[in-house]
Each structure stands twice: as C-alpha cells, then as structure tokens.
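Structure assessment
Given next are the chains, with one letter for each unit.
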Amino acid sequence: MYTIVCVALIVGSLGAAVVAAHKLGGSDSHIVWVLAATIFLHFSGAFPFPTQCFAYPLFVGVLWLLTAAVRHPSQKRVYFVFPLLLLWANAHGSVIIGVALAALYGLVLLAEDFRAGRRWRVRLRGIVFVLATPLCLLATPYGIHGLSYYYATIMNPAFKTFITEWEPITSVLTLAVPFFVCAFAIVWIFGLARGRTCLFEALAMLALTVASIWAVRNIVWFALAALILVPQMLGTVVPSHPSTSHRRFDFALLGVGTILLLTSLAVVATEYNSWFEQRFDTRALQQVRDTLRRQPDTLVFANGNFPDWLLWHDPDLAGHVAYDSRSEVLTSAQMLQLMTLTEIRPAGIPDPLSKYGLLVLDTARASPELFIDPPRVHVVLRGRGVVVATRSGG
C-alpha cells in the first residue's frame, strides 16, 4: 500500500506541476516541451527516495502560490504557504527547501521596496515571510531540538562521501548530462527573456540548480520548478501558435499519461509482497531469529538496506540490530568509522565489530570478505544479495 501511495504522489505531483504551469500562463505546447525535457530527471530523482514523496505535492503548492503572488501582488492566497509549510515540516525534513523559497520571496519584496525608494514604507508581507517562515521549522513535536536534524544532515561533511544521494550531481553521469543540458537551456531562456522575468523566479531556479549540483537528491525539486516556471518564460521567447492539431496532440498526451498512471497503480496494487522484496532473501531474517532465539544477548551488525528491512519485519529486533541506516543520527566521526569497516586494518588496530556475534552483510554494498575473518567467523548463509555469518569475540 505504501508503494501505491508513493507512486500516486510522485506522478500526481508531476500532474500538479503541469496544472500550475498552465495557470501561471504557460501554453500547452511549451508545457509539453518542458515536460519532455524534465520528466526523466523527475522520476530519476523521485523514485530512489520514497520517504520524500510526501513532500513533492507540497513543494508544488508552495512554489505555485509564491510565483502567483509575485506576478499578481494583490493576491492574498500566498499566505496559504504557511499551513503547507507546517504540514511539510511534520512530514519530511526537506521542508528546508520550502522555507528557503518562502524566505526568498520575502527578501525579493523587501529588495523591490528598497529599490523603489520605500525604505521606511516596506510591505508588511515581505517582513512576515522573512521572519515567520523559518519558525515553521520549529512547529514539530521536537520543537527547537529539531534544528539539530538539519545541522546533522546539511552540515555533515561525511554525507557527501558516504551516502550516494548526498553526492554531487557529477557523481551520476546518467543524471549529470541531461541535468546540465536542461540547466544551460533554462539559463539561455531566462537570459533572452531578461526584463520580462520576475526576480524571484530567476533566483529560485538558480538556487535549485545550485542545490541539485550540490546533492543528487535535490534534482527532483529542480525538475518540478522548471516545469512550473519555465513554460511561461519560454512563451516570451518562442511565441506559441495554438492549432487544432496541437490540441489533439495535447489531449493524446494527457490520455497516454493517464493510462500509464492507472496501469502503474494497477500493476503495483496486484503484486504480492514478494515482488517488492525480491532484492531481499527472507532466509536471512530467519537466520537472525534463530540465532537470537538460541542466544538472546547477541548483537547484530547489518549494513546496506538490511537494518531497516529486518526491523520492518520484526520490530522486536530493536536493540539487537546495531547499525541504524538513519544516517542523520550519526556524527561525522561515527560515519567515518563505519566507512573504515570496509578497509583492511593494519596489525594491532582493534576490530570495531568484535562485540557483534552476527553479521548480515549486503553484498551489493561491499564485499563480505572484507568483514569475514575465517578463524573467528562461520558463514551460515550465502543467499541472494546477502551473507549471514556468526562470529566469536576478540
């Protein structure tokens, strides 16, 4: 069920971005052009991070409201950004993106007032958005302590070397090439439309472009923002000429997209649980359970995706599984220590796994031979993508 919801949110956010682009003045043909250029980036950036999917429609809503307010300053609906940010803050840590965009909107308003010579008569709206949007980060059950999460993720230098999704875009060539092509095209379009481009839109696209270069996981925000903002700008550079054939093509594209979405949801909904877990060998879970039944005090070291998988199937393993894959709870020193586990230790260096009696090793992440010291380790299972081994201390 969770997978069905994720697919619906990922595809639905793309559809919402198309609607936003149309409402903001983008023509059908230009929306189709931008959609064709960004759809690969959107899906490539969205599906690897399923926990982030709840934030995608919220991002679309926030950017849509802010952009509409920039183009039509008299609108009061922009204040709906605040409930969206409050909901986002309690759904996913990526709310920092939405808060940054909302604060940027406030700063742009203040800058426009200063440039117009209204230094002492600035708009209250600008002040509210600059000062109030960061407070949304505190509107969670964790309160001010939640700020440590953002510091632990954004400011942790080990993330960029230890976690693939936090590596720069250049680390994934298949994403880097289409991303930079799109980025350069957007810069060209905004350059040609200079004077007809809102400052907020240009700065928002620039910020999201830099964020995507900095970390792969941010590419989905870039793709959605491009789909929302670029079609209208493209219309000022390349005028659209609607025709009956264009409308037929647009309706055909809409129909094909709807069919693909419904087909995807139907396929996912009719699959058995084993289909979603085909990368995991259930014998590994049984080996862990059997070992803990015989030796209840055993600690389990698991790497890759196996810690979450083990705890998902058997919550009673909490306290036994030592390696929590929630990287944001680890300090830089702890993450660097985990990285050294896959390195050959010189003589005399203590074994950091000495107290763990059971190893569940994801063979897709690292060679299990780097963890297995034959005199003290006994392999009990070599399965599909996993090696399970018992070991003695020392």
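A brief report on the enclosed structure follows.

Rules used throughout
- Residues numbered from 1 in each chain as written.
- Predicted model: local features only at pLDDT ≥ 70, side-chain atom pairs only at ≥ 80, totals over all residues.
- Heavy atoms only, no water.
- Pairing = 2+ DSSP bridges.
- Helix = DSSP H or I, 4+ residues; strand = E, 2+ residues; numbered from the N terminus.
- Buried < 20%, exposed > 50% of the residue type's maximum accessible area, 1.4 Å probe, protein only.
- Phe/Tyr/Trp six-rings, centres within 6.5 Å; stacked < 30°, edge-to-face > 60°.
- Patch = residues over 30% accessible without salt bridge, like charges linked within 9 Å, V, L, I, M, F, W, Y side chains within 5 Å.
- Areas by Shrake-Rupley, 256 points an atom, 1.4 Å probe, with all protein chains shown as cover.
- Salt bridge = Lys/Arg side-chain N within 4 Å of Asp/Glu carboxyl O.
- Expected span 1.5 Å × (residues − 1).
- Arc of directions from axis to C-beta.
- Axes fitted to C-alpha atoms, helices over the stretch in contact; angles between N-to-C directions.
- Parallel < 35°, antiparallel > 145°, perpendicular 65-115°, else oblique.
- Contact = heavy atoms within 4.5 Å.
- Nonpolar A, V, L, I, M, F, W, Y, C, P; charged D, E, K, R; others polar.

**A word on the pairing of strand β3 (residues 377–383)**
Within a regular beta strand, the side chains point alternately toward one face of the sheet and then the other, so they alternate between its two faces. Across 6 bridges, β3 lies against strand β4 (residues 386–391) in antiparallel orientation. By the bridge assignment, H378 is partnered in β4 with T390. Counting the residues between successive antiparallel strands, the hairpin from β3 to β4 contains 2 residues, one of them, G385, with a positive phi of roughly 75°.

**Structural notes on the pairing of strand β2 (residues 358–362)**
Counted residue by residue, β2 has 5 buried out of 5 residues, so it is predominantly covered. Neither face of β2 is open: one carries L358, V360 and D362, the other L359 and L361, and all of them are buried. Bridge count between strand β1 (residues 300–302) and β2: 3 bridges; the pairing is parallel. For A302, the partnering residue across the bridge sits in β2 and is V360. As defined by bridge partners, β2 adjoins β4 across 5 bridges and the pair is classed as antiparallel. The residue of β4 that forms the bridge with L359 is A389.

**A closer look at the packing of aromatic side chains**
Within the structure shown, the criterion is met by 12 aromatic pairs. Considering the side-chain rings of Y56 and W221, the 5.4 Å spacing of their centres and the 65° angle between planes classify their relative orientation as edge-to-face. Of the two residues, Y56 is situated in helix α3 (residues 56–71) and W221 in helix α11 (residues 219–237); the sequence distance between them amounts to 165 residues. The exposure class of Y56 is buried, given its relative accessible area of 0%. A relative accessible area of 1% means that W221 is categorised as buried. Their ring planes at 45° and their centres at 6.1 Å tell us that F301 and Y356 sit as a pair that is tilted. Residue F301 is located in strand β1, and its partner Y356 is located in the loop between α16 (332–339) and β2; the two are separated by 55 residues in the primary sequence. By the burial criterion, F301 is buried, and Y356 matches it. Linked through ring pairs, Y79, F82, Y105, F129 and F200 together constitute an aromatic cluster.

**Quick look at a nonpolar patch on the surface**
A cluster of nonpolar side chains, contributed by L135, L138, I144 and L147, occupies part of the molecular surface with about 360 Å² of accessible area. Within the fold, L147 resides in helix α7 (residues 147–154).

**Some thoughts on helix α14 (residues 282–294)**
Here α14 is 13 residues long and its end C-alpha atoms lie 19 Å apart, about the 18 Å a rise of 1.5 Å per residue gives. Residues of α14 that are buried: A284, L285, V288, T291 and L292. Projected down its long axis, α14 shows its buried positions confined to an angular sector of 130°, all on one face. Exposed positions of α14 whose direction lies more than 90 degrees from the buried face are T282, R293 and R294.

**Some words on the pattern of salt bridges**
Between side chains of opposite charge, pairing is possible as soon as their charged atoms come close. Considering all chains together, one arrives at 5 salt bridges under this definition. The shortest N-O distance in the salt bridge between E201 and R71 comes to 2.8 Å. Remark: R71 occurs in helix α3 and E201 occurs in helix α10 (residues 199–214); sequence separation between them is 130 residues. This pair shows no difference in class: E201 is buried, exactly as R71 is. In this structure, R289 engages D314 in a salt bridge whose closest nitrogen and oxygen atoms are separated by 3.3 Å.

**Details of the packing of α3 against helix α5 (residues 95–115)**
For the pair α3 and α5, interaxial distance at closest approach is 10 Å and the crossing angle is 5°. In terms of orientation, α3 and α5 fall into the roughly parallel class. Within the contact between the two elements, α3 uses F59, V62, L63, L66, A69 and V70 and α5 uses I97, G98, L101, A102 and Y105. When its residues are assigned to classes, the contact of α3 with α5 shows 10 nonpolar, 1 polar and no charged.

Function cannot be read off these values alone, since they describe shape.
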